[in-house]
Amino acid sequence: MATLLNIYNQLSAAYGPLQWWPADSPFEVAIGAILTQNTNWKNVEQAIANLRADNALTPDAIAALSRPHLERLIRPSGFFRQKAERLHLLVAHLHTHHQGTIEQLLQQPLSVARAELLSLKGIGPETADSILLYAGNHPSFVVDAYTKRLFERLGILQSGEGYDQIRTLFMESIAEDPEIYNEYHALIVEHCKRYCRKKPLCSDCPLRARCTFPSQSPQEHKKP
């Protein structure tokens, strides 16, 4: 679908290269992907800063932490008990099957690595694809709530599509290039934070000319 590539080009022209995801290692990406579930990135940054200050950003270091200690470090990210369990389960899996490294898991073919990640408790499709794309440089498109909101308003999605259906649409429409998938997801997030909010700011939106949402609204969406 040429439209999806055109939208990518428009967003890229509007925002330039964003170079997401901020992390110093593939394992830090995996930690961030788990911690960002049901919270915002600022909270994740604080939790990761706590882990970094405690020299706890490796599988060995996470495995060595007691559950209460890990919970305290990641508390800013919310749902810290669940997330501490998920991190401990991930590193236990890595030590059992991949010599304690996320890199070895991610060296597998995309379909194999994705199925393995999805088999782990607490890792759903969005988290798995984030790890695959940003930590493993696999061409696996990440779908999130921003993606659904934006492309429903653009009239490309109809609101009933599931995660895998949306992911397949993007992956069949755009060449399998992890750099483009990486940048496209970052651009979608940036655009939805700036303009395509729950209460959108349509008047200055760079996609306004192709969007169906303003015309469907009872009144014009303007900046306060």
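Since the structure is predicted, the reported quantities are computational estimates derived from the model, not experimental observations. Residue numbers run consecutively from 1 along every chain, following the written order of its sequence. This being a predicted model, a pLDDT of at least 70 is required before a residue's local features are given, and a value of 80 or more before pairs of side-chain atoms are given or counted; all residues contribute to the totals for chains, interfaces and linings. Side-chain calculation: all heavy atoms of the structure are included, whereas hydrogens and water are not.

## Comments concerning the overall build of the chain
- Scanning the chain from N- to C-terminus turns up 13 helices and 0 strands.
- Secondary structure elements follow DSSP: runs of H or I of four or more residues count as helices, runs of E of two or more count as strands, with numbering from the N terminus. Element order for the chain, N to C, with α for helix and β for strand: α-α-α-α-α-α-α-α-α-α-α-α-α.
- Throughout, radius of gyration means the C-alpha value; the globule benchmark is 2.2 Å times the number of residues raised to the power 0.38. Rg of the C-alpha trace for the chain: 19 Å, near the compact-globule value of 17 Å for 224 residues, within the 12% margin.
- Exposure is judged per residue with a 1.4 Å probe applied to protein chains only, and the accessible area is read against the type maximum: over 50% gives exposed, under 20% gives buried, and values in between give partly exposed. Each of the 224 residues in the chain was classed as buried or not, and the buried ones make up 48%.
- The contacts in the chain between residues at least 6 apart in sequence include a share of 58% that link residues at least 24 apart.
- With residues, only the protein chains shown are counted as cover, and all accessible areas are computed by Shrake-Rupley using a 1.4 Å probe. Total accessible area on the chain is roughly 11100 Å²; 48% of this is exposed by carbon and sulfur atoms.
- Side-chain charges in the chain split into 23 positive and 23 negative, and the spacing between the mean points of these groups amounts to 11 Å. Should any heavy atoms of two residues lie within 4.5 Å, those residues are considered in contact. Positive charges come from Lys and Arg alone, negative charges from Asp and Glu alone, with His and the N- and C-terminal ends not counted. A charged residue contributes its charge at one atom only: NZ of Lys, CZ of Arg, CG of Asp or CD of Glu.

## So, empty space enclosed by the protein
- Cavities and pockets are found on a 1 Å grid laid over the protein atoms alone: a cavity is a set of points where a 1.4 Å probe fits but cannot escape, a pocket is an open set with protein on both sides within 12 Å along at least five of seven lines, and a lining residue has an atom within 4 Å of such a point. Grid points are joined across faces, edges and corners, and a volume is the space filled by probe spheres set on the points. Scanning the model with the defined rule gives 1 cavity of 30 Å³ or more in all.
- In this structure, the largest cavity encloses a volume near 100 Å³.
- In terms of lining residues, the largest cavity is bounded by 15 residues, among which His191, Cys196, Cys202, Cys205 and Cys211 are the most central.
- Elements with a minimum of two residues in the lining of the largest cavity: helix H10 (145-153) and helix H13 (213-216).
- For this classification, Asp, Glu, Lys and Arg are treated as charged, while Ala, Val, Leu, Ile, Met, Phe, Trp, Tyr, Cys and Pro are nonpolar and the rest, including Gly, are polar. Considering only residue class, the lining of the largest cavity consists of 12 nonpolar, 1 polar and 2 charged.

## Let's talk about the environment of arginine 197
- Turning to its location among the elements, arginine 197 is positioned in the loop between helix H12 (178-194) and H13.
- The spacing of arginine 197 and leucine 110 is 87 residues in sequence and 32 Å in space, taken between C-alpha atoms.
- Once residues within four sequence positions are removed from consideration, arginine 197 is found in contact with Arg149, Arg153 and Cys192.
- At a separation of 3.0 Å, a polar atom in the side chain of arginine 197 contacts the main-chain carbonyl oxygen of lysine 193. Identification of polar contacts relies on pairs of N or O atoms within 3.5 Å, with a donor-acceptor requirement for protein atoms, meaning one able to donate a hydrogen and the other able to accept it, and with residues adjacent in sequence counted only if both atoms are side-chain atoms.

## So, the confidence of the model for the chain
- Summary statistics for the chain give a mean pLDDT of 93 and a share of 95% for residues scoring 70 or more.
- Across residues 218-224, confidence stays below pLDDT 50; counting only partners more than four residues off in sequence or on other chains, it has 12 contacts. Each residue carries a pLDDT score, the predictor's confidence in it, ranging from 0 to 100.

## Examining the side chain of histidine 191
- Examined against the element boundaries, histidine 191 turns out to sit in helix H12.
- Judged by relative accessible area, histidine 191 falls into the buried class, the value being 1%.
- Filtering out sequence-adjacent residues up to four positions away, histidine 191 remains in contact with Leu11, Tyr15, Leu150, Cys196, Cys205, Pro206 and Leu207.

## Some words on unusual backbone geometry
- Although it is not a glycine, asparagine 38 adopts a positive phi angle of roughly 60°.
- With respect to the helices, strands and loops of the structure, asparagine 38 is situated in the loop between helix H2 (26-35) and helix H3 (41-53).
- The phi torsion at asparagine 55 lies on the positive side, around 50°, for a residue other than glycine.
- Looking at the element boundaries, asparagine 55 is found in the loop between H3 and helix H4 (59-64).
- Residue classification places asparagine 55 among the exposed positions, given a relative accessible area of 66%.

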